[in-house]
Amino acid sequence: MGRLKRSNRPPVSRQPEKHLINEKIQKLDTDEVRVISQSGEQMGIKSLQEAITLAQEAGLDLVAVSPDASPPVCKIIDYGKYKYQLQKKESEAKKNRTETQIKELKLGYCTDVGDLNTKIKHARKFLANGCKVKLSMRFKGREKAFMSQGREKLDSIVEQLSDVASIDGHHSRSGNQIQVLLAPC
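Everything quoted here is computed from the prediction, not taken from an experiment.

How each quantity is defined
- Residues numbered from 1 in each chain as written.
- Predicted model: local features only at pLDDT ≥ 70, side-chain atom pairs only at ≥ 80, totals over all residues.
- Heavy atoms only, no water.
- Helix = DSSP H or I, 4+ residues; strand = E, 2+ residues; numbered from the N terminus.
- Buried < 20%, exposed > 50% of the residue type's maximum accessible area, 1.4 Å probe, protein only.
- Contact = heavy atoms within 4.5 Å.
- Lys, Arg positive; Asp, Glu negative; His and termini not counted.
- Charge placed at Lys NZ, Arg CZ, Asp CG, Glu CD.
- Arc of directions from axis to C-beta.
- Polar contact = N/O pair within 3.5 Å; in protein donor to acceptor, adjacent residues only side chain to side chain.
- Pairing = 2+ DSSP bridges.
- Axes fitted to C-alpha atoms, helices over the stretch in contact; angles between N-to-C directions.
- Core = buried A, V, L, I, M, F, W, Y, C linked by side-chain atoms within 4.5 Å.
- Expected span 1.5 Å × (residues − 1).

Caption draft 1: Main features of the overall build of the protein chain. The helix and strand tally for the protein chain stands at four helices and eight strands. For the protein chain, the sequential pattern of α-helices and β-strands runs β-β-α-β-β-α-β-α-β-α-β-β. Dimensions of the protein chain, computed from the C-alpha atoms along their principal axes, are close to 85 × 60 × 25 Å. Going through the 185 residues of the protein chain one by one, you find that 29% of them count as buried. Sequence separation of at least 24 residues holds for 53% of the intrachain contacts in the protein chain that already meet a minimum separation of 6. Counting 33 positive and 23 negative side-chain charges, the protein chain places the centres of these two groups 11 Å from one another.

Caption draft 2: Representation of helix H1 (residues 48-57) within the structure. Among all positions of H1, only Leu48, Ala51, Ile52 and Ala55 are buried. Down the axis of H1, the sector holding all buried residues measures 100°, keeping them to one side. Looking one or two residues past H1, glycine 59 carries a phi angle of roughly 75°, positive in sign.

Caption draft 3: Broad picture of the environment of serine 156. In this fold, serine 156 is placed in helix H4 (residues 147-160). Of note is the side chain of serine 156, whose polar atom sits 2.7 Å from the backbone oxygen of lysine 153.

Caption draft 4: Layout of the sheet that holds strand E5 (residues 102-108). Reading across from one edge, E5-E6-E8-E7 is the order of the four strands in this open sheet, with mixed pairing throughout. Sheet topology places E5 and strand E7 (165-174) at the edges, where each strand pairs with a single neighbour. Across the sheet, the mean angle separating the axes of adjacent strands is 20° when strand polarity is ignored. Inspection of the sheet shows E7 paired to strand E8 (residues 177-184) by seven bridges, in the antiparallel sense. By the bridge assignment, glycine 169 is partnered in E8 with leucine 181. Along the sheet, helix H3 (residues 113-128) contacts E5, strand E6 (132-138), E7 and E8; its crossing angle with E5, the most-contacted strand, is approximately 170°. Taken strand by strand, H4 contacts E5, E6, E7 and E8, and its axis lies near 10° from that of E8.

Caption draft 5: The arrangement of the nonpolar core in detail. Val133, Leu135, Leu154, Ile157 and Leu182 are the most contacted members of the largest nonpolar core, which totals 22 residues. Sorting the residues of this core by element identifies E5, H3, E6, H4 and E8 as the ones contributing at least two each. For this core, the leading source of residues is H3, giving five residues. When residues no more than four places from it in sequence are discounted, the contact partners of leucine 154 are Leu107, Leu135, Met137, His171, Ile178 and Val180.

Caption draft 6: Local environment of H4. The terminal C-alpha atoms of H4, which comprises 14 residues, lie 20 Å apart, in line with the 20 Å expected from a rise of 1.5 Å per residue. Taken together, the buried positions of H4 are Met147, Gly150, Leu154, Ile157 and Val158. Down the axis of H4, the buried set is contained in an arc of 100°. They therefore lie on one face. The exposed set on the far side of H4, more than 90 degrees from its buried face, consists of Glu152 and Glu159.

And the structure:
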């Protein structure tokens, strides 16, 4: 059995920290920082080494909250707990974000009344759920000569859905297809 070859790639490192912590604050090339205590009280402007010492005595970290300020603002906090709270806020923001989906219903020029009613029911359900609906009608072969009648058929469908939807994008024609985009009211 042969031995496995090791790749020449460097090992994958963790993501770099977003905040400057403790000794890493020295990258800001500043001797003084504005210090905020764990309880949120202003402690005034202190030397960087004095601020780091205060944080270490409290068993916490000194984190540059606003590194662009003059002098930089640093807070004495538990950095692990702070990162956890930031992650929670980001995940809550993701949960509350709404993404509108576009559901497409494809129709044919020769689609019969029963099938059209079924498509309209589906469109109503999608619109009630807050999704946009894209109605597209494809014309094949000789049907291309009857595009105006297909447009009339789409207009009648839009009219039937006018109580729950409004036209978001007018009739657009691309090649052998006519499309209408409907948004919920």
